[in-house]
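Residue-level listing of the chains:
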Amino acid sequence: MKITIGHLYPDLLNLYGDRGNIQCLMKRCQWRGIEAETVAFELDDSIDFSGLDIVLLGGGSDREQMLVCERLREIQSDFKTYVENDGVVIAICGGYQLLGKYYKTDQGMIHGLDLVDMYTEQGEGRLINNIVLKSDLFDMPIVGFENHGGRTCIGGNKPLGKVLYGKGNDGVSGYEGVVYKNVIGTYLHGPLLPKNPQLADWLIARALEKKYGKTVELAPLDDTQEREANAYVYHRFVSE
Ligand code: GLN
């Protein structure tokens, strides 16, 4: 079995070690004997989505998001087809905002990919915090770090999790992230995946199921250190 990860615009969308998410996905595949390859795309590159099994969009400043948004319009239709056909996407912070219709900032409008019915507007001050979520997709909590000026409204879509500590999508709804088909969008940096191995495996399993057309049981890995890191953050911020 083989997985190809498409990393979109890492030279622009790359805040807070988002590249570590790629390394985590690659390693968790390789440790199980699943071949893994990453293809990094620059802004001018054409993208054949049919050759990709997971697409990663990282975080970026408003300025960098503005730079990529014109190009996103050109790939929108192919990206939409990929998502509607159950393609797997993990989008972090600035990348998460770009999944929606738009991100309205004081400096102007950033047009999004419109892959998920959601939008973001810049609010007063930035939401900067450690963050802990409970998601019904996983038994472990999801832990990370958030730093965003945008407030995201996901409408009737399913959130990734309930905020146990931190701010989340807009600082008031009590929810964070979005799940739409095989797309996960979230504000969590960290990087996200090394401390949240169940989320990493969810992406890998969905990608293999889509590609090979059968239910996949991933071989368990020794996640002692990952679980310790996750539990440490959880207990630091959430009192039971
Ligand atoms: N530029 C966006 C914001 O400030 C996203 C930032 C990020 O990716 N950390 O809301």
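See the structure printed just above.
Reading the values: the criteria
- Residues numbered from 1 in each chain as written.
- Predicted model: local features only at pLDDT ≥ 70, side-chain atom pairs only at ≥ 80, totals over all residues.
- Heavy atoms only, no water.
- Helix = DSSP H or I, 4+ residues; strand = E, 2+ residues; numbered from the N terminus.
- Rg over C-alpha atoms; globule rule 2.2 N^0.38 Å.
- Buried < 20%, exposed > 50% of the residue type's maximum accessible area, 1.4 Å probe, protein only.
- Areas by Shrake-Rupley, 256 points an atom, 1.4 Å probe, with all protein chains shown as cover.
- Lys, Arg positive; Asp, Glu negative; His and termini not counted.
- Charge placed at Lys NZ, Arg CZ, Asp CG, Glu CD.
- Near = heavy atom within 4 Å.
- Polar contact = N/O pair within 3.5 Å; in protein donor to acceptor, adjacent residues only side chain to side chain.
- Nonpolar A, V, L, I, M, F, W, Y, C, P; charged D, E, K, R; others polar.
- Pairing = 2+ DSSP bridges.
- Axes fitted to C-alpha atoms, helices over the stretch in contact; angles between N-to-C directions.

**Remarks on the overall build of the chain**
Helix and strand content of the chain: five helices and 12 strands. Against the globule reference of 18 Å for 240 residues, the chain gives a C-alpha radius of gyration of 17 Å, in line with a compact fold. Within the chain, the fraction of its 240 residues that count as buried is 53%. As presented, the chain carries roughly 10600 Å² of accessible surface, and 47% of it is formed by carbon and sulfur atoms. Side-chain charges in the chain split into 25 positive and 34 negative, and the spacing between the mean points of these groups amounts to 3 Å.

**With respect to the site of the ligand**
Neighbouring the ligand are 16 residues, the closest being Asp62, Gln65, Cys93, Arg126 and Gly149. Here an oxygen atom of the ligand and a backbone polar atom of Gly94 are 3.0 Å apart. Between His189 and the ligand, the recorded distance is 3.0 Å, taken from a side-chain N or O atom to a nitrogen atom. Its free accessible area being 300 Å², the ligand has 98% of it covered by the protein chains. Mapped onto the shell around the ligand, the elements with two or more residues apiece are helix H2 (62-84), helix H3 (94-98) and strand E8 (142-153). Residue contributions to the shell around the ligand peak at four residues, all from E8. The residue inventory of the shell around the ligand, partitioned by class, reads three nonpolar, 11 polar and two charged.

**What to know about the sheet that holds strand E11 (residues 178-180)**
With respect to topology, six strands assemble into an open sheet ordered E2-E1-E3-E4-E12-E11, the strand pairing being mixed. In this open sheet, the two strands that pair with only one neighbour each are strand E2 (35-41) and E11. Geometrically, the sheet is characterised by an average inter-axis angle of 15° between neighbouring strands, direction not taken into account. Judged from the four bridges that link them, strand E1 (residues 2-8) and strand E3 (residues 54-57) form a sheet pairing that is parallel.

**Re the pairing of strand E9 (residues 161-165)**
It is a general feature of regular strands that their side chains alternate between the two faces of the sheet. Note that strand E7 (residues 119-134) and E9 share three bridges and pair antiparallel. Its bridge partner lying in E9, Lys134 is registered against Lys162. The sheet contact formed by E9 and strand E10 (residues 175-176) spans two bridges and is antiparallel. Across the sheet, the residue bridging to Lys162 is Tyr175, located in E10.

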